[in-house]
Protein chains: 2
Amino acid sequence: MAAAVGGGRAVPRYLQIAEDIVQQIRTGSLKPGDQVPSEADMAERYGVSGGTVRKAMLEIRASGLVDTRHGKGSYVKARPPVRHRSSDRFRRSLRQGGKAAYLAESEQSGATAKVSVIHIGPIEAPDGIAQRLGVDVGTQVLTRRRLYFRNGTPVETATSYLPWDVVRDIPELFAEFVETLQARPAAKAEATELTLSPGAPVVHLVREAVTEEGRVVEVCDTLMAADQFVFEFRIQATD
Amino acid sequence: MAAAVGGGRAVPRYLQIAEDIVQQIRTGSLKPGDQVPSEADMAERYGVSGGTVRKAMLEIRASGLVDTRHGKGSYVKARPPVRHRSSDRFRRSLRQGGKAAYLAESEQSGATAKVSVIHIGPIEAPDGIAQRLGVDVGTQVLTRRRLYFRNGTPVETATSYLPWDVVRDIPELFAEFVETLQARPAAKAEATELTLSPGAPVVHLVREAVTEEGRVVEVCDTLMAADQFVFEFRIQATD
DNA sequence: TAGTGGTCTAGACCACCGG
DNA sequence: CGGTGGTCTAGACCACTAA
């Protein structure tokens, strides 16, 4: 049948449908864990074709309120929206190993947390990392790759890089941390690892640990599901 | 004609096409300002239908490398990807009015900057803002809404809220700033205001200015195109 | 007016999931 | 196996832009 639409439609049909479903979630008609109507259902109910309903589902996914699994359906997320990631985590007393800090911080907010170490071992420093550590590209460094879970779903990957001499000494005399943070859409592989819808935003955070002598002794590269975190920074005014 | 695909295709056609175009941009075959091939072109060139090429374009837009205008076409962004937004901006010496700070910071990185004031005047404090300022909901506060441009395109909106007694005194004795930062997909209206593709990530940053007495005297609510900013924070280690 | 992107249809086959 | 989402087609009409 011919296109779309009788006359001057302001809001496209697929957005109307998406808005309808999102409202049902926000108002609680659809509760956490509930299955969102299947695409076939919606096509019939709203009297539109599959393509249109599909586009609506893309919008709904972009809202971050549902979880879609191929062959099963879409479900309203249980995830409590976000967790605070405060700069407080840099207090030395909380840094008895990064793992403990995460667990403490996470459970403080009433969620189950888990950390799994994917990989640990020596590697040749990749370009950007070598630069940050102030060593030559290809220098051997120790890496540790971790996956962080919250309430059973992965929310963060972290890869840290340490030069060998630092590993031997383990200074724990960091004077300063420099964090750079950028948000962007997830690449395909990243979306898979964090079980996100493709294109969902992720936050890429790189933390450098700097000693009192000004040497960068650790670089930690982390990727987070954006909807799982609120970042908080306290900054002292200076002259 | 019937579907898709002979046999076991690993990577979907639309992703292959998107990847091809993105590579052409990254390698420089398509230069900043160049027009990306039209959808009709691509459909013919790659031998796929319009729907498929459309999906590819969605992926390409998600990469943030391209700017699409209805009725005109898609063009490779001129935007040098990002601008550093460093916590240095809190140095008092740079805070002779927020506008000056932005212009200085921006032009330092070799871009043209412009700030336009959309609105300035009294308003009843909305819920979240009143809470942060420690006043009752509905209290009159001064708001100032600004749109920030970089190289001619809007990249940031900022709305600041100040209680009236602060406006009178203008303390400039901030002791601390607290920033909370969250990334999420842009809502439709936000995407329009910042000329983003719908669903492109934005960063929502709220900055509170705190006096030495611990009073919050200003709340600034800003929304930024995520692909335009890298945030940098330096944090002193404490015990 | 011609060319572009934006919305929509009515179908098809595939890949995945669960019983 | 039936139901679900994922990919794809070959068209249609609409809305915007620029010459």
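Residues numbered from 1 in each chain as written. Chains lettered and ligands numbered in written order. Predicted model: local features only at pLDDT ≥ 70, side-chain atom pairs only at ≥ 80, totals over all residues. Heavy atoms only, no water.

A. Broad picture of the side chain of S160 of chain A. Residues and elements named next belong to chain A. Looking at where S160 falls in the secondary structure, it is placed in strand β7 (residues 153-163). We classify S160 as buried; its relative accessible area is 1%. Setting aside its immediate chain neighbours within four residues, S160 contacts L142, T143, R144, E218, V219 and C220. (Helix = DSSP H or I, 4+ residues; strand = E, 2+ residues; numbered from the N terminus. Buried < 20%, exposed > 50% of the residue type's maximum accessible area, 1.4 Å probe, protein only. Contact = heavy atoms within 4.5 Å.)

B. Spotlight on the confidence of the model for chain A. All names here are of chain A. Scored by pLDDT, chain A comes out at a mean of 81, with 77% of its residues at no less than 70. Averaged pLDDT values over the elements of chain A bottom out at 63 in helix α4 (residues 98-108) and peak at 94 in strand β1 (residues 35-36). Segment residues 1-8 is flagged for pLDDT under 50; beyond a separation of four residues in sequence, or across chains, it makes 0 contacts in the model. (pLDDT = per-residue confidence, 0-100.)

C. Highlighting the pairing of strand β7 (residues 153-163) of chain B. All names here are of chain B. Among the 11 residues in β7, 10 count as buried, and that is most of the element. Where strand β6 (residues 140-150) meets β7, 10 bridges bridge the pair, whose relative direction is antiparallel. If you follow R145 over to β7, its bridge partner there is T159. Sheet analysis places β7 next to strand β10 (residues 216-225), joined by 6 bridges and oriented antiparallel. Within β10, the position partnered with A158 by the bridge is T222. (Pairing = 2+ DSSP bridges.)

D. Main features of the nonpolar core. Within the largest apolar cluster, 22 residues are counted, with the highest numbers of intra-cluster contacts made by L181, V203 and F231 of chain A together with L181, V203 and F231 of chain B. Of all elements in the fold, only β8 (174-185), β9 (201-211) and β11 (229-236) of chain A together with β8 (174-185), β9 (201-211) and β11 (229-236) of chain B reach the threshold of two or more residues within this core. Those residues in contact with L181 of chain B, other than ones at most four positions away along the chain, are L181, F229, V230 and F231 of chain A together with V203, H204, L205, F231 and F233 of chain B. (Core = buried A, V, L, I, M, F, W, Y, C linked by side-chain atoms within 4.5 Å.)

E. Representation of the packing of helix α1 (residues 13-27) of chain A against helix α3 (residues 50-62) of chain A in the model. Residue and element names in this part refer to chain A. Viewed as axis vectors pointing N to C, α1 and α3 meet at an angle of 50 degrees, and their least axial separation amounts to 8 Å. As far as their axial angle goes, α3 and α1 are oblique. Crossing angle aside, the handedness with which α1 passes α3 is right-handed. Taking contact as the criterion, the partners of R13, Y14, L15, I17, A18, I21 and V22 in α1 are, on α3, T52, K55, A56, E59 and I60. Taken together, the residues that form the contact of α1 with α3 break down as 8 nonpolar, 1 polar and 3 charged. (Axes fitted to C-alpha atoms, helices over the stretch in contact; angles between N-to-C directions. Parallel < 35°, antiparallel > 145°, perpendicular 65-115°, else oblique. Left-handed = near helix turned anticlockwise from the far one by under 90°. Nonpolar A, V, L, I, M, F, W, Y, C, P; charged D, E, K, R; others polar.)

F. Spotlight on the pattern of salt bridges. Residues and elements named next belong to chain A. Applying the stated criterion across every chain, the model contains 10 salt bridges over all chains. In this structure, D227 engages K77 in a salt bridge whose closest nitrogen and oxygen atoms are separated by 2.8 Å. Here D227 is found in the loop between β10 (216-225) and β11, whereas its partner K77 is found in the loop between β3 (73-76) and β4 (83-86), with 150 residues between them in sequence. Here D227 falls in the partly exposed class, since its relative accessible area comes to 25%. The class for K77 is buried, based on a relative accessible area of 14%. Between R132 and E208 there is a salt bridge, and its shortest N-O distance comes to 2.9 Å. Highlighted residues: R132 in helix α5 (residues 127-133) and E208 in strand β9, separated in sequence by 76 residues. (Salt bridge = Lys/Arg side-chain N within 4 Å of Asp/Glu carboxyl O.)

G. Just helix α2 (residues 39-46) of chain B, in detail. Residues and elements named next belong to chain B. Residues M42, A43 and Y46 constitute the buried set of α2. In a view along the axis of α2, the buried residues occupy a sector of 105 degrees, so they form one face of it. The outward face of α2, more than 90 degrees from its buried face, is lined by the exposed residues A40, E44 and R45. Taken from the residues just after α2, G47 is the one with a positive phi, measuring 65 degrees. (Arc of directions from axis to C-beta.)

H. Seen up close, the sheet that holds strand β3 (residues 73-76) of chain B. Residues and elements named next belong to chain B. Spatially, the 3 strands line up as an open sheet ordered β1-β3-β2, and their pairing is antiparallel. Of all the strands in the sheet, just β1 (35-36) and β2 (66-69) have a single pairing partner and so form its edges. With 4 bridges connecting them, β2 and β3 associate as antiparallel partners. Among the inter-strand pairings, T68 is bridged to a residue of β3, identified as S74.

I. Up close: the sheet that holds β3 of chain A. Residue and element names in this part refer to chain A. In spatial order, the strands read β1-β3-β2; together these 3 strands make up an open sheet with antiparallel pairing. Strands at the two margins of the open sheet, each flanked by one partner only, are β1 and β2 (66-69). Packing of α3 onto the sheet brings it into contact with β1, β2 and β3, and relative to β2 it is tilted by some 130 degrees.

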